[in-house]
Amino acid sequence: MRLVILGGGGFRVPLVYRALLADAGAPGACRELVLHDTDPVRLRVIASVLAAQAAGVPGAPAVRIAQDLDDALRGADFVFSAIRVGGTAGRVCDERVPLAEGVLGQETVGAGGVLYGLRTLPVAVAIAERVKALAPDAWVINFTNPAGMVTEAMARVLGERVIGICDSPVGLVRRAARAAGADPDSPAFRYDYVGLNHLGWLRRMSDGGPDLLPGLLADPVALDSFEEGKLFGAPWLAALGALPNEYLHYYYFEREALAAVRSAESTRGEFLDRQQGAFFASAAGLPSDAYTLWDRTRLEREETYMAENRAATGGWQRDPHDLDGGGYDRVALALMRAIARDERTTLILNVPNGTTVPALDAEAIIEVPCEVGAFGARPLPVAAPTEHQAGLMLTLKAVERSAIEAAASGSRAAALRALALHPLVDSVAVAGRILDAALPR
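The text that follows walks through the structure, step by step, so that each part is easy to find. (Residues numbered from 1 in each chain as written. Predicted model: local features only at pLDDT ≥ 70, side-chain atom pairs only at ≥ 80, totals over all residues. Heavy atoms only, no water.)

Bringing the overall build of the protein into the picture now. A count of helical and extended segments in the protein gives 20 helices and 12 strands. Taken over C-alpha atoms, the radius of gyration comes to 21 Å for the protein, in line with the 22 Å a tight globule of 441 residues would show. Oriented by its inertia axes, the alpha-carbon framework of the protein measures out at about 60 × 50 × 40 Å. Here the protein holds 441 residues, and 55% of them are scored as buried. Taking the contacts inside the protein whose residues are at least 6 apart along the sequence as the reference set, 69% of them involve residues at least 24 apart. Measuring between centres, the 43 positive side-chain charges of the protein sit 3 Å from its 53 negative side-chain charges. (Helix = DSSP H or I, 4+ residues; strand = E, 2+ residues; numbered from the N terminus. Rg over C-alpha atoms; globule rule 2.2 N^0.38 Å. Buried < 20%, exposed > 50% of the residue type's maximum accessible area, 1.4 Å probe, protein only. Contact = heavy atoms within 4.5 Å. Lys, Arg positive; Asp, Glu negative; His and termini not counted. Charge placed at Lys NZ, Arg CZ, Asp CG, Glu CD.)

Before going further, it helps to examine unusual backbone geometry. The step from Asn145 to Pro146 runs through a cis peptide bond, and the omega angle for that step is -10°. Of note, His198 is a non-glycine position whose phi angle comes to about 60°, a positive value. Tracing the backbone shows His198 in the loop between strand S7 (189–196) and strand S8 (199–207). What makes His198 buried here is its relative accessible area of 6%.

To continue, consider the environment of Glu363. Tracing the backbone shows Glu363 in the loop between strand S10 (345–352) and strand S11 (365–373). Between the alpha carbons of Glu363 and Ala153 there is a distance of 10 Å; along the sequence they are 210 residues apart. Those residues in contact with Glu363, other than ones at most four positions away along the chain, are Glu152, Pro352 and Arg401.

Bringing the nonpolar core into the picture now. Within the largest apolar cluster, 94 residues are counted, with the highest numbers of intra-cluster contacts made by Leu3, Phe80, Ile165, Leu243 and Leu349. At 8 residues, the largest contribution of residues to this core is made by helix H17 (residues 328–341). Setting aside chain neighbours within four positions, we find Leu243 in contact with Leu172, Ala176, Gly200, Trp201, Leu202, Leu213, Leu216, Leu217, Leu223, Phe226 and Leu237. One finds Val34, Ala111, Leu121 and Val430 within the second-largest nonpolar core, a separate group that totals 46 residues. (Core = buried A, V, L, I, M, F, W, Y, C linked by side-chain atoms within 4.5 Å.)

To continue, consider helix H13 (residues 254–263). Turning to H13, its buried residues are Ala257, Leu258, Ala260 and Val261. The buried residues of H13 all sit within an arc of 160° when viewed along its axis, so they share a single face. Exposed residues pointing more than 90 degrees away from the buried face of H13 are listed as Arg255, Arg262 and Ser263. Among the structural elements, helix H4 (87–100), helix H12 (249–252) and helix H16 (307–312) are those in contact with the buried residues of H13. (Arc of directions from axis to C-beta.)

Turning our attention to the environment of Arg310. Among the structural elements, Arg310 can be located in helix H16. Residue class for Arg310 comes out buried when judged on its relative accessible area of 7%.

Buried residues dominate strand S1 (residues 2–6), accounting for 4 of its 5 residues. Direction of pairing for S1 relative to strand S2 (residues 32–36): parallel, over a ladder of 5 bridges. Note that in S2 the partner of Arg2 across the bridge is Glu32. Handedness of the β-α-β unit built from S1, helix H1 (residues 13–22) and S2 comes out right-handed. Relative to strand S4 (residues 78–81), S1 runs parallel, the two sharing 4 bridges. For Leu6, the partnering residue across the bridge sits in S4 and is Ser81. (Pairing = 2+ DSSP bridges. Right-handed = clockwise from strand over helix to strand, strands pointing away.)

Before going further, it helps to examine the pattern of salt bridges. Evaluation of the coordinates by the stated rule reveals 29 salt bridges. When the shortest N-O distance is used, the salt bridge between Glu95 and Arg91 registers 3.0 Å. In this pair, Glu95 and Arg91 are both assigned in helix H4, 4 residues apart and thus about one turn of the helix distant. Residues Glu95 and Arg91 agree in their burial class; the two are buried. Members of the salt-bridge network, linked through shared partners, are Glu152, Arg156, Asp361, Lys397, Glu400 and Arg401. (Salt bridge = Lys/Arg side-chain N within 4 Å of Asp/Glu carboxyl O.)

Moving on: the sheet that holds S7. Pairing in this open sheet of 3 strands is antiparallel, and the strands run S7-S8-S9 from one edge to the other. The strands lining the two open edges of the sheet, one partner per strand, are S7 and strand S9 (243–244). Sheet strands touched by helix H18 (residues 387–409): S7 and S8. Its angle to S8, the strand with the most contacts, is close to 140°. (Axes fitted to C-alpha atoms, helices over the stretch in contact; angles between N-to-C directions.)

Using the criterion set out here, one finds 0 disulfides in the structure. Cys166 forms no disulfide, and the closest cysteine sulfur to it belongs to Cys370, at a distance of 13 Å. A relative accessible area of 4% places Cys166 in the buried class. (Disulfide = S-S within 2.5 Å.)

Rendered as structure tokens:
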């Protein structure tokens, strides 16, 4: 199996390689990992990290650096898209421009997410077109943010051969199961989750018996034992009757989240820009220390994840279980194994809706549990969203599709609509000024 990672100089690539190494030597395992990136320095550094990881591992996938996109794609079985158009500097602008207007600036949520999408979508669609031309039988696994929006745009070219992944729902389900005394790895474990990327809810879970969620929602001590319980608080979770994805904190506690972001010394993008810049500069000069430097930087990155949201809810440290950094990489490996070997499994993925959520059309990309096998990913039946859940999903889908239209056509009206319709942008005039500042005429 040949896996291609676009954005191969990305900081999180060693997490994917770690998962591949754990699978090394198994039938159908990855034999070659091809990296492609627009930044040759970052590529060399990441290649040094991977070489250290592979030392002494029998059957470790060979690593090859491809100089151009077409060379990377030829012969691919799977293409992992993890690009960041504009780099971390672009993310800083996506955050700072909205904040200057008094609204949230964040990588995937609110105006910042729309700006990131407008910049990323043309590149993602161009990649999809090259995959279709050069590797039509390959499966594309998209982790490029905003993942739902980007997956939907790529699906218009590739159909069901592109599947979006995210580690947030997986983490939520596993944390909630442990808090309720269930084993998320048990064959009897079942759950119900519905939403869009970074906008979903866990509504039911069981370990072969009755629904465990009502008891968990009624137990403040158990809720306070894991991240989402602390973020949202027992009173709101009991009133909501579901466990939201962590990114819904920006919606349910908008004022508090915005205040925390504005009072921080730097935005998340500024922190990562400095942190990653320092890592790549140091590792480029000391390739023998690249892995140690990477792992130290990775841990700091995980420890500070959503720090502003935690500060807005009283301040608390992340659980050691959540600092391993293994989330989307394990999802990606499980997805590839299921397709390549027909090892049937259930994963929460971003896939076309079909008839799963009646409020949305068949082509809409949703995030739900899916059966995965050699055929790809099929959404499993879920309970109908509540009016509140469906309302938010419909609103955000309108935002995503306006952004896709704007990126495809260059329509300023569609871009304005994408920004102004977002529930975290409170004025059309504000949306217009954000658009002017970020994307001048």
